[in-house]
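Listed here are the chains, written in short residue letters.
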Amino acid sequence: IVQAAGVTTLAGRVLNEDRRPLSGATVSLDGRTATSDAAGAFLLSNVNAGNNRPVMVDGRTVNAPNASYPVIAEPANLVAGQANTVPYDFILPKID
């Protein structure tokens, strides 16, 4: 995905506890949402910069039959006008 210069974005990945990609997780920040793809990757565009921004990852929307995942919130630091990447993967544990 290519973004215009000067746009603040946040990219990352959503994985399960076995470090396998989770497709269909809804990731949100500042009213913007993105859905993780088959590789677990997501890209949020036009979000606000700042430290410890609360990124919400909703595992209830994951495309996984016979599996449920939680909603988590994790902090991310975003620099204005740059393509930011979360320095870790969002790990969602399976809920029984």
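To start, this report covers the structure provided alongside it. In this convention, every chain numbers its residues from 1, walking through the sequence in written order. Selection of residues for local features in this predicted model requires a pLDDT of at least 70, selection of side-chain atom pairs for listing and counting requires 80 or more, and totals for whole chains, interfaces and linings are taken over all residues. Neither water nor hydrogens contribute to the side-chain values; these are computed over all heavy atoms in the structure.

### Considering the environment of Thr-61
Within the secondary structure, Thr-61 sits in the loop between strand E5 (50-58) and strand E6 (71-78). The buried label goes to any residue with under 20% of its type's maximum accessible area, the exposed label to any with over 50%, and the partly exposed label to all in between, with areas taken from a 1.4 Å probe on protein chains only. On the basis of relative accessibility, which here comes to 34%, the residue Thr-61 falls in the partly exposed class. With 35 residues separating them along the chain, Thr-61 and Thr-26 place their C-alpha atoms 6.4 Å apart. Contact definition: two residues touch when any of their heavy atoms are within 4.5 Å. Residues within four places of Thr-61 in sequence aside, it is in contact with Gly-24, Ala-25 and Thr-26. Separated by 3.2 Å, the side chain of Thr-61 and the backbone oxygen of Asp-58 make a polar contact. Numbering of helices and strands starts at the N terminus; helices are DSSP runs of H or I of at least 4 residues and strands are runs of E of at least 2. Side-chain atoms alone can form a polar contact between residues adjacent in sequence; in general such a contact is a pair of N or O atoms within 3.5 Å, and within protein one must be able to donate a hydrogen while the other accepts it.

### So, unusual backbone geometry
The backbone phi angle of Arg-19 is positive, close to 65°, even though this residue is not glycine. Looking at where Arg-19 falls in the secondary structure, it is placed in the loop between strand E1 (9-16) and strand E2 (26-29).

### Some points on the pattern of salt bridges
In what follows, salt bridge is the name for a side-chain nitrogen of Lys or Arg lying within 4 Å of a carboxyl oxygen of Asp or Glu. Here the structure, examined in full by the defined rule, presents 5 salt bridges. The salt bridge partner of Asp-30 is Arg-53, with a shortest N-O separation of 2.5 Å. Residue Asp-30 is located in the loop between E2 and strand E3 (32-35), and its partner Arg-53 is located in strand E5; the two are separated by 23 residues in the primary sequence. Looking at Asp-30, the relative accessible area reads 34%, which means it is partly exposed. Asp-58 is the salt-bridge partner of Arg-60, the closest N and O atoms lying 2.8 Å from each other. Judged by relative accessible area, Arg-60 falls into the exposed class, the value being 64%. In this structure Asp-58 comes out as buried when scored by relative accessible area, which is 16%.

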